[in-house]
Amino acid sequence: MSNSMAEYLQQDMECEGLLECFHGLKQLDRECFKSLVENEEPLTIDELAERVDRERSTAYRSVQRLLQAGFIQKEQVNYDQGGYYHVYRPTDPEKAANDMQRMLNDWYAKMGQLIQEFEDKYGAVEESAPAQD
């Protein structure tokens, strides 16, 4: 993972890299997301774990990160005789893209504010420094 904006701008990034860039998600999270997108029907944790060849608990942690980031959604399926289980499906790509755009806009505004603070703070120091002859 890159540590600076300059490093991010220099690397070759695919759109799936947004999962890491915006939300700090891991390679396994990307694999789980891809499996959910490629499957026409929603998947249970057990089905997803099998597809990514991981333990159920590992797949569950990945799903929790994807849920928190808003890339997937959880649905409850009820049994006729009582009880239920959960399945997972990708969030609407337009909604996820809009969320990332909003986050980027917020970040951009915050960086603009910090840049202005930097200029104000260090520009004032330079102006008040005595001239050296």
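Everything below is about the structure printed above this text.
As the structure is a prediction and not an experimental result, all values here were calculated from the model.

Draft legend 1. Inspection of the overall build of the protein at higher detail. Scanning the protein from terminus to terminus reveals six helices and two strands. Element order for the protein, N to C, with α for helix and β for strand: α-α-α-α-α-β-β-α. The 133 residues of the protein split such that 23% are buried. For the protein, contacts bridging at least 24 residues in sequence account for 41% of all contacts bridging at least 6. Of the roughly 10100 Å² of accessible surface on the protein, a fraction of 48% belongs to carbon and sulfur atoms.

Draft legend 2. Spatial organisation of a nonpolar patch on the surface. A cluster of nonpolar side chains, contributed by Met 5, Leu 104, Trp 107 and Tyr 108, occupies part of the molecular surface with about 460 Å² of accessible area. If you tally residues by element for the nonpolar patch, the top one is helix H6 (residues 93–128), at three residues. Note that Leu 104 resides in helix H6. For Leu 104, a relative accessible area of 36% puts it in the partly exposed group.

Draft legend 3. Broad picture of the nonpolar core. In this structure, Leu 48, Leu 66, Phe 71 and Ile 72 are the most contacted members of the largest nonpolar core, which totals 20 residues. Sorting the residues of this core by element identifies helix H3 (27–38), helix H4 (45–52), helix H5 (56–69) and H6 as the ones contributing at least two each. If sequence neighbours within four positions are ignored, Leu 66 has contacts with Leu 25, Asp 29, Cys 32, Phe 33, Phe 71 and Ile 72.

Draft legend 4. Highlighting the packing of aromatic side chains. Counting across every chain of the model gives three aromatic pairs. Measuring from ring centre to ring centre gives 5.7 Å for Phe 33 and Phe 71, while their planes differ by 70 degrees; the resulting arrangement is edge-to-face. Residue Phe 33 is located in helix H3, and its partner Phe 71 is located in the loop between H5 and strand E1 (72–78); the two are separated by 38 residues in the primary sequence. This pair shows no difference in class: Phe 33 is buried, exactly as Phe 71 is. Each ring, one from Tyr 79 and one from Tyr 85, has its centre 5.1 Å from the other, and the planes form 45 degrees; the classification is tilted.

Scoring rules and cut-offs
- Residues numbered from 1 in each chain as written.
- Predicted model: local features only at pLDDT ≥ 70, side-chain atom pairs only at ≥ 80, totals over all residues.
- Heavy atoms only, no water.
- Helix = DSSP H or I, 4+ residues; strand = E, 2+ residues; numbered from the N terminus.
- Buried < 20%, exposed > 50% of the residue type's maximum accessible area, 1.4 Å probe, protein only.
- Contact = heavy atoms within 4.5 Å.
- Areas by Shrake-Rupley, 256 points an atom, 1.4 Å probe, with all protein chains shown as cover.
- Patch = residues over 30% accessible without salt bridge, like charges linked within 9 Å, V, L, I, M, F, W, Y side chains within 5 Å.
- Salt bridge = Lys/Arg side-chain N within 4 Å of Asp/Glu carboxyl O.
- Core = buried A, V, L, I, M, F, W, Y, C linked by side-chain atoms within 4.5 Å.
- Phe/Tyr/Trp six-rings, centres within 6.5 Å; stacked < 30°, edge-to-face > 60°.

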